[in-house]
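This is what each chain is made of:
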Amino acid sequence: MKKVELLAPAGNFECLVAAIQNGADAIYLGGQKFNARAYATNFDEKALEEAVLYAHLYGVKIYVTLNTLYYDEEIEEVMHYVDFLYHLQVDALIIQDAGLMAYIHQVYPDFELHASTQCSIVNVDGVKRMASLGAKRVVLARENTLEEIQKICAQCDVEIEVFIHGALCMSYSGQCLMSSMIGGRSGNRGACAQPCRLEYQLLEDGKPLQDDAYLLSLKDLYTLDHIPDLIHAQVTSLKIEGRMKKPEYVAYVVASYRQAIDAAYKKEKRQFIKDQKMALLFNRGFTQGYMFHSQDMMAKIYPSHRGIDIGIVTGYRHDKHCVMVKLSDTLKQGDSIAFEHNNEGRVVNKLFLKDHLIKEAKATDDVEIEFSLPIKKGTHVFKTSSIDLLREIQQSYQKIHRHIPVCMTFSLKLQEKPLLKI
């Protein structure tokens, strides 16, 4: 049985290296146009050439996103870009527009095409329809349950890819018009302003039913404990969301799922706990999502990265412009913090214990943190970044850890030159 593919995101070249050095089998990325993450750094033509060269050296595949919708007047430019990618020998294109998929398949019948999750494919008929247009692989909608995924894999010949980690959309697989209606930025053109991450009020007959909250903001998908289930379902590829994320996030998440996949094939029974490292890298809360019938999916309290809770504000010293905090976890100069119900966060530059400047404080310490604004007593303090953790993860990809197998034969004969074949 062919081993399941681990597919990682890359918003820039550093993320690509981080993913490959931590065990990714394939990378998906976008160019400067026509991809659903217009605000990622992305890859220009030169960077794409370097990405393909680097990835293929390690036997890693490159999938390029063409997963937005196009106007008629853009088709010539799109096909010019497809021509470039074809001759660059990228391994596949990820496409949302069904008409474009059929057209590319007609022009380049040997170009591998993947139907994007934004095609909203949720059943066997949808998968077969994409296959008839030229898709070799279908990325299922994130709303599918494990049981539905199993049925689709059993009844379809094409490859099936599913998301296993990262951001979820409040709308059906990204089919959302809120951003374009409210702010003139279309998610289907790669420019979503994420209005679902804003506060909303729930009213009945004009009266609020509750305080303002992030009523449309979903937690992040987390399926580390369920990798054996997906392998057993015969899914082809397991996909991590995150082309807007930092390389340290990509590196650690890829490494975690690499371990889970390898353990599953070795029949090792391992329970992966949501550790503090993953929460520190990015955390708006975790959910097992629609795939595993979770009833806990909404991140109502805060819509973005919150890190881990490390203490409570006990007061404010106006003379020193310092917030007083009772710690429940360690804190170090260079770490970053944020406060509950407050978007104001910062790097910890000055940390005091009993009026002495210190580099590191331990749990239970009563410390003072330089901060220009008074913070209300009783407010929770969150550590949103750890300088030690970032340095630790950076070591996983700033040096070469993944080796390239090389086969060599050597022959030595009398009165002939030695011959080394590589």
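Structure: see above.
On a predicted model such as this, the values are computed, not experimentally measured, just so you know.

Draft legend 1. Main features of the environment of Asp-335. Note that Asp-335 resides in the loop between strand 15 (331-332) and strand 16 (336-339). Given a relative accessible area of 2%, Asp-335 falls into the buried group. Put simply, Asp-335 and Asn-349 are 14 residues apart on the chain and 8.3 Å apart in space, counted from C-alpha to C-alpha. If near-sequence neighbours (up to four positions away) are discounted, Asp-335 is found in contact with Arg-346, Val-347, Val-348, Lys-383, Ser-385, Ser-386 and Ile-387. Within the local environment of Asp-335, its side chain forms a polar contact with the backbone nitrogen of Ile-387, the two atoms lying 3.0 Å apart.

Draft legend 2. A look at the nonpolar core. By size, the foremost hydrophobic cluster in this structure holds 111 residues, and its most contacted members are Leu-16, Ile-27, Leu-29, Leu-93 and Val-162. Per-element tally for this core: the top contributor is helix 9 (residues 247-265), with 10 residues. Contacts of Ile-27, omitting those with residues within four sequence positions, involve Leu-7, Ala-8, Ala-10, Leu-16, Ala-19, Ile-20, Val-60, Lys-61, Ile-62 and Tyr-63. The next biggest cluster of nonpolar side chains, apart from the first, holds 12 residues, and it includes Leu-7, Ala-26, Leu-168 and Leu-218.

Draft legend 3. Layout of the pairing of strand 1 (residues 5-9). In terms of burial, strand 1 is largely enclosed, as five of its five residues are buried. What you see with strand 1 is no split at all: Glu-5, Leu-7 and Pro-9 on one side and Leu-6 and Ala-8 on the other are buried throughout. Where strand 1 lies against strand 11 (residues 237-240), three bridges are found, and the strand directions are parallel. In the strand pairing of strand 11, Leu-7 is matched with Lys-239. In this sheet, strand 2 (residues 26-30) lies alongside strand 1 in parallel orientation, the contact comprising three bridges. Residue pairing in the sheet places Leu-7 in a bridge with Ala-26 of strand 2. Each parallel crossover has a hand, and for strand 1 linked through helix 1 (residues 13-21) to strand 2 it is right-handed.

Cut-offs applied
Residues numbered from 1 in each chain as written. Predicted model: local features only at pLDDT ≥ 70, side-chain atom pairs only at ≥ 80, totals over all residues. Heavy atoms only, no water. Helix = DSSP H or I, 4+ residues; strand = E, 2+ residues; numbered from the N terminus. Buried < 20%, exposed > 50% of the residue type's maximum accessible area, 1.4 Å probe, protein only. Contact = heavy atoms within 4.5 Å. Polar contact = N/O pair within 3.5 Å; in protein donor to acceptor, adjacent residues only side chain to side chain. Core = buried A, V, L, I, M, F, W, Y, C linked by side-chain atoms within 4.5 Å. Pairing = 2+ DSSP bridges. Right-handed = clockwise from strand over helix to strand, strands pointing away.

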